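Analysis of the macromolecular model
What follows is each chain in one-letter form.
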Amino acid sequence: MKINDTLPLEYRTEENSNKILGFWLFLGAEIALFSTLFAVYFTLWNRTGNGPTGKDIFEVSGVIWETLLLLTSSFTCGLGIHAMRLNLKKPMMIFFGITLLMGLGFLGIEITEFVNYVHEGATMQTSAFLSSLFILLGTHGLHVTMGILWGSSILIQVNREGFTDATANKSFIFSLYWHFLDVVWIFIFSFVYLKGLM
């Protein structure tokens, strides 16, 4: 059933509007998850035992590149949604493709960072601080990985079917998820890395 043809395509059916509302509720649960992980990290950040501190292992250049990639990917994701609303299939797919490539770049840097930590003897078993750090960063990285897989499947659907109520709704919901991951990263960048480097 159509609600209003003047609304963006992703909102035009009652089912789509309900899916968007449901996804906002899901993001509420994700906020609770990450809030818990941050609370654990903030409780354990100075429990380093004989292991390294954040200041010992954090590398500014990698973190800056991760941040630039993820924040820029949020911008290109927004451009993709704008192109979708203008019914521009090719630009939408290009912007979403760029978003996913930047997500892959982010993951590549994060994996390299984890490997470097382990080579320096900073593992999950080394200290409570490192355990909480790996869990927080790993959970966010897993979410980015799932986002890349999800976004790739949406690109395949848009390529096959074009813009429909269903593909527009999925694309918009994906964009909400991707922006959420960027917000979480801003907190990680500010309260884990910057605080840890001081």
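Quick note: structure is the one above.
Keep in mind the model is a prediction, meaning the values are calculated, not measured. (Residues numbered from 1 in each chain as written. Predicted model: local features only at pLDDT ≥ 70, side-chain atom pairs only at ≥ 80, totals over all residues. Heavy atoms only, no water.)

**Some thoughts on the overall build of the protein chain**
- Along the protein chain, the regular secondary structure elements total six helices and zero strands.
- Reading the protein chain from its N terminus to its C terminus gives the helix and strand order α-α-α-α-α-α.
- Along the first, second and third principal axes, the C-alpha atoms of the protein chain reach 65 × 30 × 25 Å.
- Evaluated residue by residue, the protein chain yields a buried proportion of 43% over its 198 residues.
- Put simply, of all contacts in the protein chain between residues at least 6 apart along the chain, 79% involve residues at least 24 apart. (Helix = DSSP H or I, 4+ residues; strand = E, 2+ residues; numbered from the N terminus. Buried < 20%, exposed > 50% of the residue type's maximum accessible area, 1.4 Å probe, protein only. Contact = heavy atoms within 4.5 Å.)

**Considering the nonpolar core**
- Grouped together as the largest cluster of nonpolar side chains are 50 residues, with contacts concentrated most on Phe-58, Tyr-117, Leu-133 and Ile-188.
- In terms of residues, this core owes the most to one element, helix H6 (residues 165-197), which gives 15 residues.
- For Ile-188, the residues in contact, after removing those within four places along its chain, are Phe-38, Leu-136, Leu-137, His-140 and Tyr-193. (Core = buried A, V, L, I, M, F, W, Y, C linked by side-chain atoms within 4.5 Å.)

**Notes on the side chain of Glu-113**
- Looking at the secondary structure, you find Glu-113 in helix H4 (residues 89-119).
- The side chain of Glu-113 is buried and forms no salt bridge, while Lys-195, the nearest opposite charge, is found at 16 Å.
- The residues contacting Glu-113, other than those within four sequence positions of it, are Val-63, Glu-66 and Tyr-193. (Lys, Arg positive; Asp, Glu negative; His and termini not counted. Salt bridge = Lys/Arg side-chain N within 4 Å of Asp/Glu carboxyl O.)

**Observations regarding the environment of Thr-126**
- Within the secondary structure, Thr-126 is located in the loop between H4 and helix H5 (128-161).
- Once the C-alpha coordinates of Thr-126 and Gly-51 are considered, the two residues, 75 residues apart in sequence, prove to be 5.9 Å apart.
- Those residues in contact with Thr-126 that lie beyond four places of it in its chain are Gly-51, Pro-52 and Gly-121.
- Among the polar contacts listed, one links the side chain of Thr-126 to the backbone oxygen of Gly-121, at a separation of 2.9 Å.
- Within polar-contact distance, the side chain of Thr-126 engages the backbone nitrogen of Thr-123 at 2.9 Å. (Polar contact = N/O pair within 3.5 Å; in protein donor to acceptor, adjacent residues only side chain to side chain.)

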